[in-house]
Amino acid sequence: MAAPNELLFYINGKKIVEKNADPEEVLLSYLRRKVGLTGTKSACGGGGCGACTVMVSRYDCSQDTVIHYTVTACLQPIVTLHGAAVVTVEGIGSTKTKLHPVQERIAKAHGSQCGFCTPGMVMSMYTLLRNKPQPSMEDIREALAGNLCRCTGYRPIIDGFKTFCDTQSGCCPNGTGRGKCCRENGHNDSRESDISEELFLQDSFLPLDPTQDLIFPPELMVSKQGTGDVLCFRGDQVTLLAPSDLPQLLELKSKHPEAPLVLGNTTIGPKLLVKEQPSPLLIYAGRVSELSRVQWSKNGLSIGAGSSLSCLKGELERAAQRAEEEENAGYRALLQTLQCVAGKQIRNMATIGGNIVSANPKYDLCSVLAALDCTLDLCCKGGTRTVPLDDKLFPAFGKTILRPDEVLLSLHVPYSKPCEFAAAFRQAQRRELAFSFVNAGMKLSLHRGSNTIQSLRIFYGGVGPTLVTPALTCQQLVGWPWGEELLSKACSSLTEEIRVPASIPGGKAEYRKTLVLSFFYKFYMYVTEEMRKRGVSDARLPAEYLSALTPFKNDVPQGTQSFQLVSQSQPSLDPVGRPSMHCSGVEQATGEAKYYDDLPPVHGELFVHMVTSTRAHATIINIDPTQALQMPGAVTFISAADVPGSNQRPWFNTVEEIFAEKEVYCVGQIIGALVAESREQARRAAARIQVTYEDLQPVILTIQDAIKHDSYFEPKRKIERGDVDTAMGTAEHILESEIYMGGQEHFYMETQGLVAVPRGESDEMDLYVGTQHAALTQELVSQALGVSSNKITCHVKRLGGGFGGKIMKIAPLSAITAVAAHKTGKAVRCCLDRGDDMLITSGRHPFLGQYKVGYNSDGSIVAADITYYSNGGCTLEESAFIMDKALLHMDNAYRIPHLRGRGLVCRTHLPSYTAFRGFGGPQGLMVIESVLHEVAVRCGLPPEKVREVNMYQGDLCYTHHMQPFCPTNMLRCWDQCLQRAGYERRLQDIQRFNSHNRWKKRGIAVLPQKFGIGFSKGFYNQGAALVNIYKDGSVLVSHGGTEMGQGIHTKALQVASRVLKVPMSRIFIKETCTGNVPNATPSAASFGTDTVGMAVKDACEKLMRRLKPIMEKSPKNSWKQWVSEAYFEKINLSATGFFMGPPTHVDWEKGEGNAYYYFTFGACCSEVEIDCLTGDHKNIRTDLVMDVGKSINPALDIGQVEGAFVQGLGLYTIEELHFSPDGTLLTRGPSQYKIPALCDVPAELNVHLLAEAQNHHAIYMSKGVGEPPLFFGSTVFFAIKSAIAAARSDRGLSAAFPLSSPATAARIRMVCEDQFTHMASSSTEKASSPWSIDV
Ligand SMILES: Cc1cc2nc3c(=O)[nH]c(=O)nc-3n(C[C@H](O)[C@H](O)[C@H](O)COP(=O)(O)OP(=O)(O)OC[C@H]3O[C@@H](n4cnc5c(N)ncnc54)[C@H](O)[C@@H]3O)c2cc1C
Ligand code: FES
Ligand code: FES
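All values reported here derive from a predicted model rather than from experimental measurement. (Residues numbered from 1 in each chain as written. Chains lettered and ligands numbered in written order. Predicted model: local features only at pLDDT ≥ 70, side-chain atom pairs only at ≥ 80, totals over all residues. Heavy atoms only, no water.)

A separate point is the nonpolar core. Core analysis: the biggest nonpolar cluster contains 324 residues, and F161, Y460, W482, F520, F523, M610 and W1119 have the highest contact counts within it. Considering every element that reaches this core, the biggest residue donor is helix α15 (residues 509–534), with 14 residues. With residues near it in sequence (within four places) discarded, F161 still touches V102, I106, M121, V122, M125, I140 and L144. Counting 74 residues, the second-largest nonpolar core is a separate cluster that includes L240, L312, L334 and I352. (Core = buried A, V, L, I, M, F, W, Y, C linked by side-chain atoms within 4.5 Å. Buried < 20%, exposed > 50% of the residue type's maximum accessible area, 1.4 Å probe, protein only. Helix = DSSP H or I, 4+ residues; strand = E, 2+ residues; numbered from the N terminus. Contact = heavy atoms within 4.5 Å.)

Here you go:
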């Protein structure tokens, strides 16, 4: 085999020549670890999140132009970049040189919270601007559709970027419904009113200056890119050959038929992540220009199989403008599908050939291409053959009829003929960036001049292991006239012919079958309407059916955000109350901000990989690491026996193990850890650890199982007000029902991890760790190592999102990493990959609420008795406190005179559930709101009226746990929300819409909220800070809170600035460090700013008291002079601050107590539209009014409101975790688990901070707001429920029906019962063992 070649490419204008480029190395790890460019982030490793987006530029010699496109660096092997130039976030601007306007605008528009997604967003936008300096809103939407953000809710990112929009093309294609252009948005800071809509100033933005861009290296502009020898790159395990033309490729294929071809690597790459042993030889065909040829002829398009999906899309878009309407029918169908395939980065990389040859039925192209009668040219050394693209191409899952030495050369997509009709359909968990459940392509040819069928082609993906065609149905219908009779025949024939296996991976067989029929029905309606338009037939669809033909459009979110300005008398230098940018926003946007895994490697550093249980409940018989330790790079294996201190961690009245010793209680429990020289070696070696188990019974996974086995944790809680049993007897009606709510994965963009560095003396160890609770991490590490806490220092610079998930779970991971560091004497890094993070660290508790409620016909609730069951998983962890919070929120905004709640935490064999934003509140509130909704339905009253009837009223009310509060601001939020949303008017519009549309329905819901702030564990309500003033006048603030995007550091700086009267720019927060501020409580419970802010204020006030005599002595002096003088006068310029919070407490014997410091209030109204045939839904508009007291920073608070709302929208509508019946988590990455993407944000999202609101309990009259708005995601759930009710009412079905949360497309579709759901149900076998279970 040839000698290895040098790899030549550029990174940020710098030439790179790699002598020993490894084909296994992807650009992401190369950038981060070899080049030290850590701005590009790793969040999933599988192309599904966009965090690693970079720009690649190449010279296209055929057009003599340089092309720029985004890729996901995690899937881009470096060896495929030969001759390319890569630009990363560091290459476009920096704080040291000059910011790029994209970086500046995302930061200043508050589009960066934790910042982990920010570099990816920046690079997507930057690349768009390189190609189109004045983009349209649609361009921006498309460019960002492949980038996920878990913090912001996307709106501020869009707001920053839309300032680049081409005004000519109209920047508000959606319109806000108020005739207002986004460019005018917010410019009402005229002081005519003290309400502002301006969160940032555009006037000072840097202009876009193309001369700032790096030029494409002239060296790479070689005229004939495709000529030359076969390149060879050889790594330890894999060799890659890269031919430069077709003959070379075919020669290689004939010599090495077993070697897979690599093109975009978007199928092969993610598979490698889970594969232990990669193929030893790969052939890269990206240099072969014959594979990317595009030719238009009179028959249509011939396009090289190596062309990207973006290229195909571009060709079709151009053709759509060029060719005749009818000729284009097929192309339009294909375009519709292509628009939804993955995100832009993946479409830029993924090739047509790869999509087809992968033979994966959930990929979308084949069904539509097959329907369009496409053909494929295959070639090998011996010649070329043309085969049709149809079901026969795919004999089995992942298999094609291509011979091993054959290559797919090109695809031919014919023009449609005049009497042809074509359409494509797909339905996924999320409208964009999600694999489809079912995809379909359909084409009908009519006999010329008639409505009788000449031929019909139908293909489905996602209903079996391969592409499926109902050949018999299609054949039988030939000769039939298009009409109602045909429809009925086709549906019954499809029902018979397409059998969706009950055991289909991904489950939901009945839903898939329903989609099979619904898609055909849509096709039927589409053709009928087209025939009428083309004059083939005068048959008309009923007008109310037409809307079913228009797919939902993915809009760019627009809206208004308003807040009250500070009083005019406030000094202009005082930043409190003003919308200051996140203090690290700019560093986050330039990629300079450091997260734990961005720290450069410490000399000799090792890596640790967790070894987890594969059994839900078993005895560990033996752990054998022998094979693993023989793997290259393996250093040692650690388990319970290696823990020098204690392997047990006490937690209140329970004990948890760091490593499982004798028994495992869930799949994913940590048994041991493999330490190796690199992370890849650690992963590979860990897979070789042999664990022998003996299974134990019972295996309890679900809440229902736990109820059956009486398997609960202590304490079991009960809380009661009034006399529920007696009152129940007085009610006019009784309703007994239940609601189930699934769990939620945190999906912080930065996975959990740390670097543990032993200091080599006195047992000292430093941990650089992503934790929300540094003190707990320190404590557990010290216990595990058997050293005192003063030897262990935790440093937390920032977290790439936390949401409660990095409070508890990071502590044992830290202990394990520290044990590894202790045993080896080396620094050890732990960085969970996304799959392990999801498996090990778990998330929000699933809940079941069973209720009995007594109510009167006017909707007033007399008594309610609710039992909450949560799935706690295998250890208690925070579950009891989370259940407490659910019970303490079970009244929400309602005075229910007789109310009883019971809370039982189920002990199951699942990974232990943990804290998640809202901490049980979202579940507790959901159940009571379901009660209200169902009562309204039974009474035939509008739900908002029933809510009003039951709402707390007056100046002084008592919660069901007898905590006094004043509901005035809650009622103000409610009234303002109804009014700002135009609720009454829109309700009527919706009713009108629903009566005019059969298959699309709208719904609206408005909910109030009362949410307790502070820890009900009273001792947690404390905060501490340390403030140092240096001789040059600069100030260093340290406090116990951790920065995870919520802006706690920014608010602390604002507080310090106000007290010290020093500009924020002179004050700095370096990190959170247990050495500076000990025993800090976690940053959680929406209470961070309350505690930290007070502590910082206290410390600053102490310092000011000390400085006061000096200031008074020389009032004209500057701050620096005062500080200097104080130093010489031996005044201590360092002060600690402390905040002793309120003594919150609940006496659970009595069920009484002041559980919270105060309440944050709000109200939210959402409108949705559902597609009754597919279950898809679109979030149309949301209006939110939130009482955050006197906001310390309205931009950050609005950011929290929007981010939490969108996270809640995910919880209640799309985020679904799947467990196999043996308790294994199946959803382990963004490909399977869908958090909201840009397409899920309501087209109009308006957020208003309640004006004239004050809170005397907290710092500067503000309120905590991190958690409460999350619950408002449920407004979308209830709006969906209303829309479904409207659909059901058309069919005479009851408006009372069960709907579990999340309201996924599958659930929505199946309760919109109709003939198709019935046909699907009756013809789908029930699985003997379901693919997944509701836990
Ligand atoms: C995050 C993400 C989201 C996605 N979403 C979607 C989606 O919504 N819908 C959808 O349809 N797809 C989706 N995909 C799949 C994507 O379209 C395919 O992975 C892609 O088209 C494969 O092309 P590739 O060039 O990357 O193939 P590679 O990964 O390079 O190769 C894939 C397979 O095809 C073979 N192969 C490739 N080209 C040829 C050829 N010319 N001749 C013979 N064999 C060949 C290879 O040997 C290999 O076995 C998604 C992928 C990712 C990573
Ligand atoms: S890390 Fe590359 S797309 Fe997620
Ligand atoms: S700011 Fe987008 S993920 Fe945190």
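Back to the text.
Looking at the element boundaries, A285 is found in the loop between β10 (281–284) and β11 (294–297). For the pair A285 and K1031, spaced 746 residues apart in sequence, the C-alpha separation works out to 63 Å. Ignoring anything within four residues of it in the chain, the contact list for A285 reads L249, L261, V262, L263 and L291.

To continue, consider the sheet that holds strand β26 (residues 670–676). Sheet architecture is open: eight strands sit in the order β22-β26-β20-β33-β30-β31-β32-β43, paired in mixed fashion. The open sheet has two edge strands, β22 (634–639) and β43 (1072–1073), and neither has a second partner. Pairing analysis gives five bridges linking strand β30 (residues 753–758) to strand β31 (residues 765–769), with the strands arranged antiparallel. Residue pairing across strands places L754 opposite V769, the latter belonging to β31. Sitting on the sheet, helix α22 (residues 810–824) is in contact with β20 (606–612), β22, β26, β30, β31 and β33 (828–831), with an inclination near 35° to β30. (Pairing = 2+ DSSP bridges. Axes fitted to C-alpha atoms, helices over the stretch in contact; angles between N-to-C directions.)

Turning to the pairing of strand β45 (residues 1158–1171), a few remarks are in order. Across the 14 residues that make up β45, a large majority, 14, are buried. Residues Y1158, T1160, G1162, C1164, S1166, V1168 and I1170 point to one face of β45 and F1159, F1161, A1163, C1165, E1167, E1169 and D1171 to the other, with burial holding for every one of them. Note that strand β39 (residues 1000–1013) and β45 share 14 bridges and pair antiparallel. Bridge assignment links A1005 to a residue of β45, and that residue is S1166. Taken together, the ten bridges between β45 and strand β46 (residues 1177–1187) define a ladder with antiparallel strand orientation. Bridge assignment links E1167 to a residue of β46, and that residue is R1181.

We now examine the site of ligand 1. Ligand 1 sits among 32 residues. The nearest are L261, T266, T267, T351 and D364. Between an oxygen atom of ligand 1 and a main-chain N or O atom of L261, the distance comes to 2.7 Å. Separating an oxygen atom of ligand 1 from a backbone N or O atom of A434 is a distance of 3.5 Å. Out of a free accessible area of 970 Å², ligand 1 has 94% covered by protein chains. Those elements that place two or more of their residues in the shell around ligand 1 are β9 (261–262), α11 (352–357) and β15 (407–414). A per-element tally of the shell around ligand 1 places α11 first, with four residues. Looking at side-chain class alone, the shell around ligand 1 contains 18 nonpolar, twelve polar and two charged residues. (Near = heavy atom within 4 Å. Polar contact = N/O pair within 3.5 Å; in protein donor to acceptor, adjacent residues only side chain to side chain. Areas by Shrake-Rupley, 256 points an atom, 1.4 Å probe, with all protein chains shown as cover. Nonpolar A, V, L, I, M, F, W, Y, C, P; charged D, E, K, R; others polar.)

It is worth stressing that arrangement in space is one thing and function is another; only the former is reported here.
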